[in-house]
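# Topology and contacts: notes
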Amino acid sequence: MVDLSSRNPDWWRQAVIYQVYPRSFADADGDGLGDLKGVTERLSHLAALGVDALWLSPFYPSELADGGYDVADHRDVDPRLGTLDDFDAMTAEAHRLGLKVIVDVVPNHTSHLHPWFQAALRAGPGSPARDRYVFRPGRGRRGELPPSDWQSVFGGSAWQRVPDGEWYLHLFAPEQPDLNWEHEEVRADFRTTLRFWSDRGVDGFRIDVAHALVKDLAEPLRDVSEFGSTGEEALERVPPGTHPYWDRDEVHEIYRDWRKIFDAYSPPRTAVAEAWVPGARRALYARPDELGQAFNFEYLQAPWDADALRQVIADSLATAGAAGASATWVLSNHDVVRHASRLVLPPGTDENAWLLSGGHAPRTDAAHGLRRARAATLLMLALPGSSYVYQGEELGLPEVADLPTAVLQDPIWEQTGHVRKGRDGCRVPLPWTTGGPSYGFGTAGAWLPQPEWFGSYAVEAQAGAEGSTLELYRTALRLRRKLLDGETLTWAEAPEGVLHFARSDGWRCVTNVSHVPVPLPPGEVLLASVPLPLDGTLPPDTTVWLGA
Ligand code: NOJ
């Protein structure tokens, strides 16, 4: 059994971390937006679920141009979400319940409302204040063209012109100007931020777009059209470290510096990189003298296919192991289509086109999606390493694919000129009760409309209900705590379309990803993702845990 107690410095290596998206979790003050008091009031749900930690997406002052990832002050709480006292109360209650607290750090950019950016706008071209960001003159005779062809992840040019004629870089929304990490004040300020939250008792950090901080700003700026693609996909094809703004080698120096801060605390603060870069390069962020972990999105992106899953699992364990890191697993988060829907989209489906069709083309079968989601979750929770679960997946929530476009809040929708629908469908406020004004989310409405079917997925509907997805998660997490052991697995022989492996103490996991029933291997059934038939078979889209 692995020691997950509060003093164990390695608690994070095989933990289950629950992602709270604060504005959609619970609304204590009835303004339609989730808040920190709401989180505190609902922490008992996380304790009963049996997770080890919660990770909070940003709750800092923000105009919510990108759901809080546009931070105006990294060391405060947005007044609509509460106060620093509310944060302290939440942390104290989490710790009382045995839950660790992880907060998001957004070092690549600030909000355009950040005092630094406001000062930069006022100070004008060539000023030291502009040097904290990436300002450049434009190309063209009158500087009317952007300084390079760099593209925003959310669509369009990554450069925005200001009235005095200069341009500034924003790899995300125009309201999110990129910081200049060559500037010592920027580095010093983030050290202060890490200490600020660590001193308040925070146990770890999730580092937003960890692979973007350092850019090649040598003049002339290099265009990215030569890479054939402007997104992170280009990284699959270019020699490592050569892209002008993704995954540059110099970024690791920053994380080695941060590690010294993390290690000055007892137990050391933990960190996980959000870095959408290919496997071996991703593992570099997770080295023990850097962040320790990096999100592994390859499991999330893998098709529901036994060979593909086996390969991703083996590769992920190998690359994490080679870096001295523990592996991580993710099926859903606030940026992707919820896995209860995604796993039944036919291979090759354009997820954006599906969202634009309101989830009608192709039509997905919710029951089948839930069945696969439950199987994928039990498989994930049996793997060595840490699992990150996203709020609502423990309820089996599908994507809300048919949000009317008039209510969309994700900047992607506007920034792509209504071409990409964005990520709101996985951010709809949680249903806690089967009825009521916002299904128990708050006393009034919710900032995104909840569909009528939400009530049937509510915590209230599932708590104590035999066979519910919530009870499956609770049982799985309880068992996992008892069964967890070393960070290795051994593959066992299995029919085609089936994954079968054993953990070091003999606990086994078998997943049938094929379309036909297969013989159930011998052993005591500890848990199954759906009730098993009595004929000794393991049905399709089912995972079972077997005792030693
Ligand atoms: C990654 C976050 O998960 C996403 O929600 C955000 O839009 C971008 N980083 C920019 O901060």
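Above this text is the structure in question.
Attention here is on the structure that accompanies the text. (Residues numbered from 1 in each chain as written. Predicted model: local features only at pLDDT ≥ 70, side-chain atom pairs only at ≥ 80, totals over all residues. Heavy atoms only, no water.)

### Brief notes about the environment of H74
Note the following rule: Segments assigned H or I by DSSP are reported as helices when at least four residues long, segments assigned E as strands when at least two residues long, and all are numbered from the N terminus. Relative accessibility decides the category of a residue: with a 1.4 Å probe and only protein chains considered, values under 20% of the type maximum give buried, values over 50% give exposed, and everything between is partly exposed. We call two residues contacting when some pair of their heavy atoms lies within 4.5 Å. Two N or O atoms form a polar contact when they lie within 3.5 Å of each other; inside protein one atom must be a possible hydrogen donor and the other a possible acceptor, and for residues adjacent in sequence the pair counts only when both atoms belong to side chains.
Inspection of the secondary structure puts H74 in the loop between β2 (53-56) and α3 (84-96). In this structure H74 comes out as buried when scored by relative accessible area, which is 5%. Taking the C-alpha atoms as reference points, H74 and D424, 350 residues apart in sequence, are found 24 Å from one another. Contact partners of H74, with chain neighbours within four places excluded, come to Y60, V106, H109, T110, H114, F190, T193 and W197. Of note is the side chain of H74, whose polar atom sits 3.1 Å from the backbone oxygen of V106.

### Observations regarding the side chain of S198
Mapped onto the elements of the fold, S198 is located in helix α5 (residues 184-199). Separated by 2.7 Å, the side chain of S198 and the backbone oxygen of L194 make a polar contact. Aside from chain neighbours lying at most four places away, what touches S198 is F205, Y265 and R269.

### Comments concerning the nonpolar core
The condition that has to hold: Nine residue types can take part in a nonpolar core, namely buried Ala, Val, Leu, Ile, Met, Phe, Trp, Tyr and Cys, and a core is a set of them joined through side-chain atoms within 4.5 Å.
One finds L56, F87, W258 and W545 to be the most contacted residues of the largest nonpolar core, which totals 154 residues. With seven residues, the next largest nonpolar core counts V518, A528, V544 and L546 among its residues.

### Quick notes on the pattern of salt bridges
So the rule is basically this: Here a salt bridge means any side-chain nitrogen of Lys or Arg lying within 4 Å of a carboxyl oxygen belonging to Asp or Glu.
A full pass over the atoms with the stated rule returns 34 salt bridges. Between E487 and R13 there is a salt bridge; the shortest N-O distance is 2.7 Å. Placement of the pair is E487 in the loop between α15 (469-483) and β12 (489-491) and R13 in the segment before β1 (16-20), with a sequence separation of 474 residues. Overall, the relative accessible area of 19% leaves R13 in the buried class. We note a salt bridge from K37 to D86, for which the minimum N-O separation is 3.9 Å. Of this pair, K37 sits in helix α1 (residues 36-41) while D86 is found in helix α3, placing the two residues 49 residues apart along the sequence. Owing to a relative accessible area of 48%, K37 belongs among the partly exposed residues under this scheme. For D86, a relative accessible area of 15% puts it in the buried group.

### Regarding the site of the ligand
The criterion, for reference: In these notes, residues near a molecule or strand are those with any non-hydrogen atom within 4 Å of it. Residue burial considers only the protein chains on display, and all accessible areas are found by Shrake-Rupley using a 1.4 Å probe. Under the grouping applied here, Gly and all other residues not named as nonpolar or charged are polar, the nonpolar ones being Ala, Val, Leu, Ile, Met, Phe, Trp, Tyr, Cys and Pro and the charged ones Asp, Glu, Lys and Arg.
Contacts to the ligand come from 13 residues, most closely from D66, H109, D208, H334 and D335. D335 places a polar side-chain atom, nitrogen or oxygen, 2.5 Å from an oxygen atom of the ligand. Starting from 290 Å² of accessible surface for the ligand in isolation, the protein chains cover 97%. Each residue belonging to the shell around the ligand can be placed in one class, and the counts come to three nonpolar, three polar and seven charged.

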